[in-house]
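Below, each chain spelled out in residue letters.
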Amino acid sequence: MALQQYSRLWLTVTVFLVTGAIIQFYQTLEIGSLHKHETMTYPSSVPDNDPSGDPFDLRDLQNNVASHFFAGLFTLMAGDSDATISNKSQITGCNSSTCQPPSCRCQSNQHPGNFPLDQVPMMVLLTFDDSVGDHNIHYFKTLTNIGIRSANNCPMKMTFFVCGLDTNYTHVRLLHQLGHEIGVHSVTHNPDQLWWSRKATAEDYINEFGNQKKNLMNEAGIPESDLRGMRVPYLQAGGDTQMGVMEKLGLIYDSSYVMKNGEGHQWPFTLDFTSVSEYSGQVFPRGRYPGIWEIPLSMYKCVQGNKIIEPWMPDGCRLPKSTSAVLEYLRTNFKDRYQSRSPMQIFIHYTWFTSNSQSFEGLVEFLKELARMPDIWFLSLSQHVEWMASPTPISRLKYFTPWKC
């Protein structure tokens, strides 16, 4: 016992000695030298006066890093190592013998199918966050009506994570009737970014997401069985609080976590064992939540001047007001993913179109290009999860019911 106490004291003193250096590092850090970011905003295209936009401030990143550091320090001082041991066991405990599909899938940057890469369908996932109303419905109607179809000739599906702020539920009903998926994105879209990850209680999450789920059912007429996923505003995921509420609400997937730099393009996985990686202060769950899927965001690469930044969402890249520039940006990131057949995530806000009018034209041209390829499927996130639960090669997709139309 004395030896254990001495070891803990030694470790605590060591951590204190490096604290000053770490804090000084983050205070003087130029984000470009760490992640090759010149600036980080999430997304940078959202105007400051847009109440439903999702700006992300570098100072919040630094505060989050510091808070995680001290939380870990105090845990060591108190001798509470159970949480660390438990989290490690979740990460290392997931393997082919302990996690069996279709209900369980380990975290990996490799496709889940037991077949060659050329038999993996290239999935394109287009999602929009925030409100649906008179101010943006014309964009969504146009995207629906331009005739983009998957390799099986089914119309393109999009996913809309809808908040209550500034939303016209008549338009939401229309999008659902057109075949698109509707997800839950909170009632208020509380502008206090860290409230979602640091302050919100389980009751708060139920009020925000449970009540918004009811709004979508009652006001937009969407069947409860069709409301399957959620995304937290500002991508400030709520860890165990969020996941516990998801279980109560009957939601089967979340798409709020961002993968660390260098982890590659991660495929969706369940939270039976693996806790998602921590990036930029995100709070990840330490508990186990069997059957709940995480669809993590993979960062984009964006050239700005002589620097490369990696925004969480593609609309975080400040591009010239040029259709060709937008098109080339999307092409470059698609080529990076196509090599491994990692899904092409186009997770954006309609404000990308209002801040750069050429971004809409560029996106439309890009989607038309992809539609001419023989192995592209434009899917909702639920359809993506269905394939992850039962990976099916291209040669057998004609029998895969979730992708039929």
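The structure reproduced in this document is the subject of the present report. Every residue gets a number counted from 1 within its own chain, in the order that chain's sequence is written. Side-chain atom pairs in this predicted model are given and counted only at pLDDT of 80 or more, local residue features only at pLDDT of at least 70, and totals for whole chains, interfaces and linings cover all residues. Hydrogens and water molecules were not included; the side-chain quantities draw on all heavy atoms of the structure.

**Thoughts on the nonpolar core**
Then, in step 1: Membership of the largest hydrophobic core comes to 67 residues, with the highest contact counts inside it found for Leu143 and Ile346.
Then, in step 2: Considering every element that reaches this core, the biggest residue donor is helix α12 (residues 357–371), with six residues.
Then, in step 3: It only takes one pair of heavy atoms within 4.5 Å for two residues to be counted as in contact. Each residue touching Ile346, except ones within four places of it in the same chain, is listed here: Val124, Leu125, Leu126, Thr127, Tyr300, Pro314, Leu363, Phe366 and Leu367.
Then, in step 4: As used in this record, nonpolar core signifies buried Ala, Val, Leu, Ile, Met, Phe, Trp, Tyr and Cys residues forming a set joined through side-chain atoms within 4.5 Å. Think of it in three bands: residues with accessible area under 20% of the maximum for their type are buried, residues over 50% are exposed, and the middle band is partly exposed, with areas taken using a 1.4 Å probe on protein chains only. Judged by nonpolar contacts, the second largest core, of 26 residues, contains Phe115, Leu297, Met299 and Trp377. Segments assigned H or I by DSSP are reported as helices when at least four residues long, segments assigned E as strands when at least two residues long, and all are numbered from the N terminus.

**As for helix α10 (residues 323–338)**
Since the α-helix packs 3.6 residues into each turn, any two residues three or four apart lie on the same face.
Then, in step 1: With 16 residues, α10 extends 22 Å from end C-alpha to end C-alpha; this agrees with the ideal 22 Å at 1.5 Å per step.
Then, in step 2: Those residues of α10 that fall on the buried side of the exposure criterion are Ala325, Val326, Leu327, Tyr329, Leu330, Asn333, Phe334 and Arg337.
Then, in step 3: Among the structural elements, β1 (122–130), β8 (302–304), β10 (344–348), α11 (351–355), α12 and β11 (376–379) are those in contact with the buried residues of α10. Helices are assigned an expected span. That span is 1.5 Å times one less than the residue count.

**Focus on the packing of helix α5 (residues 137–145) against α12**
Then, in step 1: In this description, a line fitted to the C-alpha atoms serves as the axis of each element, helices being fitted only across the stretch in contact, and the angle between N-to-C directions of two axes falls anywhere from 0 to 180 degrees. Across the interface, α5 lies against α12 with an axial gap of 11 Å and an inter-helix angle of 20°. Here α12 runs roughly parallel to α5, going by the angle between their axes. Handedness of the crossing formed by α5 with α12: right-handed. Counted together, Tyr139, Thr142 and Leu143 of α5 and Phe360, Leu363, Val364 and Leu367 of α12 form the full contact between these two elements. Any angle from 65 to 115 degrees is called roughly perpendicular, while one under 35 is roughly parallel, one over 145 is roughly antiparallel, and all others are oblique. Two helices cross in a left-handed way if the nearer one is turned anticlockwise from the farther one by less than a right angle. They cross in a right-handed way if the turn is clockwise.

**Side note on the pattern of salt bridges**
Then, in step 1: Salt bridge criterion: a side-chain nitrogen from Lys or Arg within 4 Å of a carboxyl oxygen from Asp or Glu. Applying the stated criterion across every chain yields a total of seven salt bridges.
Then, in step 2: Across the pair Glu386 and Arg228 runs a salt bridge whose closest N-O atoms are separated by 3.3 Å. With Glu386 in helix α13 (residues 381–389) and Arg228 in the loop between α8 (202–218) and β4 (229–230), the pair connects residues that are 158 residues apart, well separated along the chain.
Then, in step 3: We classify Glu386 as partly exposed; its relative accessible area is 29%.
Then, in step 4: You can call Arg228 partly exposed: its relative accessible area is 24%.
Then, in step 5: Taking the shortest distance from any N to any O, the salt bridge between Arg331 and Glu369 comes out at 2.3 Å. Highlighted residues: Arg331 in helix α10 and Glu369 in helix α12, separated in sequence by 38 residues.
Then, in step 6: With a relative accessible area of 27%, Arg331 lands in the partly exposed category.
Then, in step 7: With relative accessibility at 24%, the residue Glu369 sits in the partly exposed group.
Then, in step 8: Within this structure, Glu328, Arg331 and Glu369 form a network of salt bridges that share partners.

**Digging into the packing of α8 against helix α9 (residues 239–249)**
Then, in step 1: At a minimum axis separation of 9 Å, α8 and α9 run at an interaxial angle of 40°. In this view, α8 runs oblique relative to α9, as classed from their interaxial angle. Seen from above, α8 lies across α9 with right-handed handedness. Here Ala202, Tyr205, Ile206, Phe209, Gly210 and Lys213 of α8 come into contact with α9, specifically with Thr241, Gln242, Val245, Lys248 and Leu249.
Then, in step 2: Each residue belonging to the contact of α8 with α9 can be placed in one class, and the counts come to six nonpolar, three polar and two charged. Asp, Glu, Lys and Arg are counted as charged, while Ala, Val, Leu, Ile, Met, Phe, Trp, Tyr, Cys and Pro are counted as nonpolar; the rest, among them Gly, fall into the polar class.

Coordinates in, geometry out; function isn't part of it.
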